[in-house]
Amino acid sequence: MHRYCPLLLFLLVTCAWAADDWSRHGFDAAEQRFSPLDDIHTGNVQRLGLTWAFPTGNTRGMEATPIVVDGVMYVTTAWSRVYALDAATGRTLWHFDPMVAGEKGRDACCDVVNRGVAVNGEQVFLGALDGRLIALNRRTGAVNWSVQTTNTNKPYTITGAPRVVRNMVIIGNGGAEFGVRGYFGAYEAATGKLLWRFYTVPSEDRQADAAQPSLAQARATWPDDALWESGLGGTVWDAFAYDAESNILYAGVGNASQYNRAVRSPGGGDNLYVASILAIDPSTGRLLWHYQTTPADSWDYTATQHMILAELGWLGERRKVLMQAPKNGFFYVLDRITGELLAADKYVHVNWASHVDLETGRPVETEIADWSSTQRMISPAIVGGHNWHPMAFSPLTGLVYIPTIHTTYPFTADPNFRFDPRTMNTGEDFPRMVREVPAVVPRFCSPTRLTAWDPKARRVRWEVPFTSGVSAGVLATAGGLVFQGTTEGELVAYSADEGERLWGQDVSVGIMAPPVTYRVAGEQYVAVVAGIGGSQGGHNTVMRNENPGHVFAFKLGGSATPPATRPRARQVQTPDFEALSETELTRGETLYAQHCLRCHGLSAQSSGLYPDLRYSAAEVHAIWPQIVLDGVFAARGMASFADSLDARDVRAIHGYVIREAVRTQGFMHRAAQAIGNSVCIPAEWLAD
Ligand code: CA
């Protein structure tokens, strides 16, 4: 047993049998992402070096937390692929590809990412992008069982990691932006049998909902003329935590669908349980209590962000708390047994609410909050003050290390909104948003930071600023270290108490995923999955190389060479193209904003994750209609848009892209500044 363990009684059990492993998504069910390993510490981290690199053969976003059990690493990549690797050498033991159809990529709001597997006993559990929950044999990768957890006729996706609670596998789903009804469920680990399902929002069928008390309670917070066809959202796409002692499962619920509440919920109402933290009895699936962070969410302010369970001294007593930094910009501390709100404080710049009233538990909205009839610049942006990138908590420093995002965003309502099941239904007018975006001068620009938050003092203790708009997950260790990757492709170690940079190694592939640490044969490793993408990654300005996904592992004295990567290509090829009228080009611009912008859109700042269409190769220009209408690149994730666009539309878009290729300071450049999810906040906003 190593020297840290005796210091903290609550870690004793962990240390005795599993401290070497990273056996669960957030290290343990409390999801602190704090490892008691301390062989690597502030005094020797300078000797840390790359020891192996595993190329994933995949260029899309990488968000997985590797699970390490008994010297074997189980890790996922984009497209829900699983690899079992020797955790000491990176050698492949087996791999499993669920063969998710390329078309499914169109239903993924934020890239075809996967955040990892769960391992329990002899099984590995995977949530696949197409809604399957799959149990694999841990030794061989063979499929034990597979169940479809979603309606395949709806645009549900799974990107989150399953969690194992007792003999159950818990899994949610995503898809709110396209129009689905959120839920999560429990499946018997041995067989895949559905044990219970919890819907987070009501249905139009009031009678059916009345049978379930939680849904009856929720129904009272929605009007009869709610936008039922949008499913109402409330997807549980990432966060769960479990208190084994109290047998309480916590679930974080996502945003409402569509965003604009004036259209979604014309009669008002809090719209339970969107943007809420739910406490559930996992034996029955019944609701114990709920706390809604953002009543009547109108800003994509999900509360699906990572939740941490801890014990804190609070006004003279020990309290069992749950901590979350959801997108809405407030850091919450709740008593996790009763649901009592203990604290809610701004951890980034927030202008949609002045404060949270601790008596009522409700945020007090400002006049800026309502964008239903006027374009508003609102902070945080739709990416939130903190997105999926996991934060970490060190019981040694008492600090929570949050990958924060410091942005604002021009919310612009679409007065002609009609629900369309084939596309994003956020209720925003993208073309108008881009044309009318206010001139926000980036005089102060530090879009992301590593923020050390003191939950007891309720303030920031230290911050490290970055120029990238893409965050990265965090690991804290008993070695007094905090690890985080960068968009530029470095893994960096900071001192946990003061945020001093102590070590970094350039691996030249951008990192978003959270690092983990583990020990094999007495040697401690730090590992991280690299590859930029996701909701922010397609838009970043900093990534300098093409994006070959890798798993990287480091140890003291490691001396492996990072992979050589290619710089991002930048060559405009302009094909011969019949000139289009100004009207057609403008129509192409609008269609582009509606259908293409979300993935390809931020061209001038595009990462190369999704092709920047202005730099398309001649061969791509030659088969443009076949790509867009016939789906010839479907296997690569570019599905057919024949259900939304016709040949004339495609010509208009193509003509517009070619014009932009020639004239790079045009619309798409402005789009990049407007919707880059990293519009800089003017310095004066940060003065308060
Ligand atoms: Ca969302």
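Look a little higher up for the structure.
Residues numbered from 1 in each chain as written. Predicted model: local features only at pLDDT ≥ 70, side-chain atom pairs only at ≥ 80, totals over all residues. Heavy atoms only, no water.

(A) Representation of unusual backbone geometry. Put simply, L272 and Y273 share a cis peptide bond, and its omega is -5°. Locating Y273 in the fold gives a position in the loop between α4 (261-264) and β17 (276-281). Cis geometry is found at the peptide bond from S379 to P380, where omega equals -10°. Relative to the helices and strands, P380 is located in the loop between β25 (376-378) and β26 (392-394). The backbone of S80 shows a phi angle near 60°, a positive value even though the residue is not glycine. With a phi angle near 75°, L232 is a residue other than glycine that sits in the positive phi range. (Helix = DSSP H or I, 4+ residues; strand = E, 2+ residues; numbered from the N terminus.)

(B) Seen up close, the sheet that holds strand β27 (residues 399-405). The strand order across the open sheet formed by four strands is β26-β27-β29-β30, and the pairing between neighbours is antiparallel. The two strands at the open ends of the sheet, each matched to only one other strand, are β26 and β30 (459-466). Taking the axes of each pair of neighbouring strands and ignoring which way they run, one obtains an average angle of 25° across the sheet. Alignment of β26 against β27, held across three bridges, turns out to be antiparallel. Counterpart to F393 in the pairing with β27 is V400. (Pairing = 2+ DSSP bridges. Axes fitted to C-alpha atoms, helices over the stretch in contact; angles between N-to-C directions.)

(C) Geometry of helix α7 (residues 582-595). Spanning 14 residues, α7 covers 20 Å between terminal C-alpha atoms, matching the ideal 20 Å at 1.5 Å per step. Listing the buried residues of α7 in full gives E584, L585, G588, E589, L591, Y592, A593 and H595. (Expected span 1.5 Å × (residues − 1). Buried < 20%, exposed > 50% of the residue type's maximum accessible area, 1.4 Å probe, protein only.)

(D) Quick look at the pattern of salt bridges. Summed over the entire model, instances satisfying the criterion amount to 32 salt bridges. For the salt bridge of E245 with K320, the shortest nitrogen-to-oxygen distance reads 2.5 Å. With E245 in the loop between β15 (240-243) and β16 (248-252) and K320 in strand β20 (residues 317-324), the pair connects residues that are 75 residues apart, well separated along the chain. D335 serves as the salt-bridge partner of R319, at 3.0 Å between the closest nitrogen and oxygen. With R319 in strand β20 and D335 in strand β21 (residues 330-335), this pair connects stretches of sequence that are 16 residues apart. Ionic contacts of the salt-bridge type, sharing partners, join the residues D70, E122, R138 and R139 into one network. (Salt bridge = Lys/Arg side-chain N within 4 Å of Asp/Glu carboxyl O.)

(E) Structural detail: the pairing of strand β5 (residues 81-86). Counting buried positions along β5 yields five of six residues, so the element is predominantly enclosed. Across six bridges, strand β4 (residues 72-77) lies against β5 in antiparallel orientation. Across the sheet, T76 pairs through a bridge with V82, a residue of β5. Count of turn residues in the β4/β5 antiparallel hairpin: three residues, of which W79 carries a positive phi of about 65°. Relative to strand β6 (residues 92-96), β5 is paired through four bridges, and the arrangement is antiparallel. Bridge pairing in β6 places L85 opposite T92. Between β5 and β6, which pair antiparallel one after the other, the connecting turn spans five residues, and G90 there sits at a positive phi close to 85°.

(F) Up close: the nonpolar core. With 61 residues, the main nonpolar core has V45, M73, Y74, F483, Y518 and F554 as its most contacted residues. Counting residues per element, this core draws most heavily on strand β36 (residues 523-530), which supplies six residues. When residues no more than four places from it in sequence are discounted, the contact partners of M73 are W52, P66, I67, V68, Y83, A84, L85, A87, Y518, A527 and V551. Core analysis: the next-biggest nonpolar cluster, separate from the first, contains 54 residues, A30, Y291, M307 and W314 among them. (Core = buried A, V, L, I, M, F, W, Y, C linked by side-chain atoms within 4.5 Å. Contact = heavy atoms within 4.5 Å.)

(G) Focus on the environment of A19. Mapped onto the secondary structure, A19 falls in the loop between α1 (12-17) and β1 (34-35). Along the backbone, A19 and T517 are 498 residues apart, and their C-alpha atoms lie at a distance of 9.8 Å.

(H) Expanded view of the pairing of strand β32 (residues 481-485). Of all the five residues making up β32, five are buried; the element is thus mostly covered by neighbouring parts of the structure. Neither face of β32 is left uncovered, since the one carrying L481, F483 and G485 and the one carrying V482 and Q484 both have all their residues buried. Bridge count for strand β31 (residues 474-477) against β32 is four bridges, and the pairing is antiparallel. Note that in β32 the partner of V474 across the bridge is Q484. Hairpin connection, β31 to β32: the antiparallel pair is bridged by three residues, and G480 has positive phi, about 75°. Strand direction decides the pairing type here: β32 and strand β33 (residues 490-495), joined by five bridges, are antiparallel. When the bridges of β33 are listed, Q484 appears paired with V492. The antiparallel hairpin formed by β32 and β33 contains four residues in its connecting segment, where G489 sits at a positive phi of about 105°.

(I) The arrangement of the sheet that holds strand β11 (residues 163-165) in detail. In spatial order, the strands read β11-β12-β13-β14; together these four strands make up an open sheet with antiparallel pairing. Where the open sheet ends on each side, the last strands, each with one partner, are β11 and β14 (194-199). For this sheet, the mean inter-axis angle between neighbouring strands, taken without regard to orientation, is 25°.

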